[in-house]
Amino acid sequence: MVNAAAVVLHVLAAVVWVGGMFFAYLVLRPAVGGITPPPERLKLWARVFGRFFLWVWAAVAILPASGYVLIALQYGGFAGAPVHVHWMHGLGWVMNALFIYLFFAPYRAFRAAVEAQDWPTGGAGLTIIRRIVATNLALGLATAALGASGRLWAWVPGG
Ligand code: HEM
């Protein structure tokens, strides 16, 4: 029961975070790129980030917490966990660290620039945020694929 709840929470948190980045990067960004004048675009992104990052904070807390429950219940601790879980754990913390940095440094500066209507600084900040989100999106897709790959390793010779 606890195991099932942990899997459900874990997968939902991954879907919300990675799916949100996918939508922001591959759908919203090209869609708003050419349409609105730059200040309007920056104000839109400030609103989008303000809402989306609340959900990302939830995912940043839920993924490791539910992951550690799964490691304890399914493998009796880290020593018994398979390689793909160690990779997921490591990549998960790289993603968390990148998000925490993004939130407290570039995003905070971006928000301040938008509030001050300093559009050149805001635009430069958005570029940094975009690069970090692109990196975390690639890591998130790879980590989700790794996480779901457990049942495949039995088919790999020596896996
Ligand atoms: C941060 C630390 C994390 C830990 C400790 C952790 C731990 C785990 C564990 C123990 C499992 C069960 C794997 C198995 O038995 O084969 C799992 C599954 C999974 N994890 Fe993670 N994980 C973490 C982060 C992430 C992240 C960041 C993502 C995605 C962005 C992710 C996506 C998944 C997915 C999609 C599954 C597959 C569930 C299933 O197939 O039933 N995990 N995780």
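Everything here concerns the structure above.
Residues numbered from 1 in each chain as written. Predicted model: local features only at pLDDT ≥ 70, side-chain atom pairs only at ≥ 80, totals over all residues. Heavy atoms only, no water.

So, about the nonpolar core. Residues W17, W45, F49, F53, F99 and F110 are the most contacted members of the largest nonpolar core, which totals 32 residues. For this core, the secondary-structure elements that each account for two or more residues are α1 (2-33), α2 (38-75), α3 (83-115) and α4 (119-147). Beyond its immediate stretch of four places on either side in the chain, F53 contacts F99, L102, F103 and Y107. (Core = buried A, V, L, I, M, F, W, Y, C linked by side-chain atoms within 4.5 Å. Buried < 20%, exposed > 50% of the residue type's maximum accessible area, 1.4 Å probe, protein only. Helix = DSSP H or I, 4+ residues; strand = E, 2+ residues; numbered from the N terminus. Contact = heavy atoms within 4.5 Å.)

One can describe the packing of α1 onto α4 by two numbers: an axis separation of 9 Å at closest approach and a directional angle of 130 degrees. The angle between the axes of α1 and α4 places the two elements in the oblique class. Here α1 runs over α4; the crossing is left-handed. Residue-level contacts link W17, V18, M21, F22, Y25, L26 and R29 of α1 to R130, V133, A134, N136, L137, G140 and L141 of α4. (Axes fitted to C-alpha atoms, helices over the stretch in contact; angles between N-to-C directions. Parallel < 35°, antiparallel > 145°, perpendicular 65-115°, else oblique. Left-handed = near helix turned anticlockwise from the far one by under 90°.)

Looking now at the site of the ligand. Surrounding the ligand, one finds 26 residues, the nearest of these being H10, Q74, Y75, H84 and M88. Residue Q74 places a side-chain N or O atom 2.8 Å away from an oxygen atom belonging to the ligand. One of the side-chain nitrogen or oxygen atoms of H84 is found 2.8 Å away from an oxygen atom of the ligand. Elements that contribute at least two residues to the shell around the ligand include exactly α1, α2, α3 and α4. Of the residues assigned to the shell around the ligand, the class counts are 15 nonpolar, 10 polar and one charged. (Near = heavy atom within 4 Å. Polar contact = N/O pair within 3.5 Å; in protein donor to acceptor, adjacent residues only side chain to side chain. Nonpolar A, V, L, I, M, F, W, Y, C, P; charged D, E, K, R; others polar.)

A few words on the coordination of the iron atom of the ligand. Coordination of the iron atom of the ligand by the protein involves H10 (NE2) and M88 (SD), with metal-donor separations of 2.0 to 2.1 Å. In this structure, the iron atom of the ligand is surrounded by six donor atoms whose angles at the metal cover 84 to 179 degrees, and the resulting shape is octahedral. Taken together, the positions of H10 in helix α1 and M88 in helix α3 put the pair 78 residues apart, joining distant regions of the chain. (Donors = N, O, S within 2.8 Å, 3.2 Å for Na, K, Ca; no water. Tetrahedral: all angles 85-135°; square planar, octahedral: opposite > 155°, others 65-115°.)

Relative to the elements of secondary structure, N96 occurs in helix α3. Of the residues examined, N96 reaches a relative accessible area of 2% and is grouped as buried. Those residues in contact with N96, other than ones at most four positions away along the chain, are W17, V60 and P64.

For the rest of this paragraph, the subject is the environment of G19. Counting through the fold element by element, G19 comes out in helix α1. Among the residues examined, G19 registers a relative accessible area of 36% and is labelled partly exposed.

Here H84 shows up in helix α3. Aside from chain neighbours lying at most four places away, what touches H84 is L146, G147, S149, G150 and W153.

Per the counting criterion, the structure on display carries 16 aromatic pairs. Here the aromatic rings of F49 and F110 are separated by 5.9 Å at their centres, their planes lie at 70 degrees, and the arrangement is edge-to-face. Linking F49 in helix α2 with F110 in helix α3, this pair joins segments that are 61 residues apart in sequence. The same class applies to F49 as to F110, namely buried. Between F53 and Y107, the ring centres sit 5.0 Å apart and the planes meet at 85 degrees, which makes this aromatic pair edge-to-face. On the criterion of sequence distance, the pair formed by F53 in helix α2 and Y107 in helix α3 is long-range, its members being 54 residues apart. Here the two residues F53 and Y107 agree in accessibility, since each one is buried. Grouping aromatic residues by their ring pairs yields a cluster made of W17, W45, F49, F52, F53, W57, F99, F103, F104, Y107 and F110. (Phe/Tyr/Trp six-rings, centres within 6.5 Å; stacked < 30°, edge-to-face > 60°.)

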